[in-house]
Every structure is written in structure tokens, then in C-alpha cells.
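Listed below are the residues making up each chain.
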Amino acid sequence: MEKLLKILKRVKPEVDFIENNNLIDKGILDSIDIVTIISEIEMEYLIEFDPEEIDPDNFQSVLTMLEMIEKTKKMNEKR
């Protein structure tokens, strides 16, 4: 989680990502932020997201992002 929090803080340093659970619904993250976060996650975690798997709901909270990362890591291992 620490790696992900560092990425998120680089993108939006003013946001408390631990306390906010509706990042998309509240308008805290927009589409440009999501693209930036995806790029940073792919570089940091050495994974590649399938564009069809990218869903704004996966960016609602740190936990949903971590779940998406873990799922993607497993899918990448199968390739």
C-alpha cells in the first residue's frame, strides 16, 4: 500500500487518500488523474493493464486500486 500511496501523493499531494473512499464520485480524481495513475502504477509495479479492465470504479479508493493491481499482477503472470 505504501508504494501506491506515494504514487497517489505525487499525482494529488493535497488529497488524504486514506480518508477518502469515493475519489471518483466526489470528483477528487478525474480522467487525466486516472491516466497518470495507471501509467505510474504500471512503471512502479512492472505490470500492464488491459484497457478493457480499466474501470473508474477501481479508482474509488486506495483499497479498490490495490485490488485492481493484485488482479492485474495475477493476470500478467498467466501470460
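Residues numbered from 1 in each chain as written. Predicted model: local features only at pLDDT ≥ 70, side-chain atom pairs only at ≥ 80, totals over all residues. Heavy atoms only, no water.

J.: Please clarify how unusual backbone geometry should be interpreted in this entry.
T.: In terms of backbone geometry, most residues other than glycine have negative phi values and most peptide bonds are trans. Positive phi outside glycine occurs at L46, with the angle close to 55°. Turning to its location among the elements, L46 is positioned in the loop between α2 (31-45) and α3 (62-78). The exposed category is assigned to L46, whose relative accessible area is 73%. (Helix = DSSP H or I, 4+ residues; strand = E, 2+ residues; numbered from the N terminus. Buried < 20%, exposed > 50% of the residue type's maximum accessible area, 1.4 Å probe, protein only.)

J.: Is there a simple way to think about the confidence of the model for the chain in this case?
T.: Low-confidence regions, as indicated by low pLDDT, have predicted coordinates that should not be scrutinised in detail. For the chain, mean pLDDT is 94; residues scoring 70 or higher make up 100% of the total. When mean pLDDT is compared element by element in the chain, helix α1 (residues 2-11) scores highest at 97, while α3 scores lowest at 92. (pLDDT = per-residue confidence, 0-100.)

J.: What should I look at first to understand the packing of α1 against α3 in this one?
T.: Helix packing for two helices is described by the angle between their axes and how far apart those axes are. Look at α1 against α3: their axes get within 11 Å of each other, and the N-to-C directions meet at 120°. Classified by the angle their axes make, α1 and α3 are oblique. In this structure, the crossing between α1 and α3 has a hand that is right-handed. In this structure, α1 contributes L4, L5 and L8 to the contact, and α3 contributes V62, M65, L66 and I69. Across the contact of α1 with α3, the residue classes break down as seven nonpolar, no polar and no charged. (Axes fitted to C-alpha atoms, helices over the stretch in contact; angles between N-to-C directions. Parallel < 35°, antiparallel > 145°, perpendicular 65-115°, else oblique. Left-handed = near helix turned anticlockwise from the far one by under 90°. Contact = heavy atoms within 4.5 Å. Nonpolar A, V, L, I, M, F, W, Y, C, P; charged D, E, K, R; others polar.)

J.: Explanation requested: a nonpolar patch on the surface in the structure shown.
T.: Residues M1, I18 and L63 make up a contiguous nonpolar surface patch of roughly 300 Å² in combined accessible area. Relative to the helices and strands, L63 resides in helix α3. Residue class for L63 comes out exposed when judged on its relative accessible area of 53%. (Patch = residues over 30% accessible without salt bridge, like charges linked within 9 Å, V, L, I, M, F, W, Y side chains within 5 Å. Areas by Shrake-Rupley, 256 points an atom, 1.4 Å probe, with all protein chains shown as cover. Salt bridge = Lys/Arg side-chain N within 4 Å of Asp/Glu carboxyl O.)

J.: Would you mind going over empty space enclosed by the protein with me for this structure?
T.: With a probe scaled to a water molecule rolled over the atoms, the places where space remains empty come into view. With the rule as written, the count across this model stands at one cavity of 30 Å³ or more. Space inside the largest cavity adds up to approximately 40 Å³. Along the walls of the largest cavity sit E48, F49, D50, E53, T72, M75, N76 and R79, which together make up its complete lining. Its residues assigned to classes, the lining of the largest cavity comprises two nonpolar, two polar and four charged. (1 Å grid on protein atoms, 1.4 Å probe; cavity = no way out; pocket = protein on both sides within 12 Å on 5 of 7 lines; lining within 4 Å. Points joined across faces, edges and corners; volume = space filled by probe spheres on them.)

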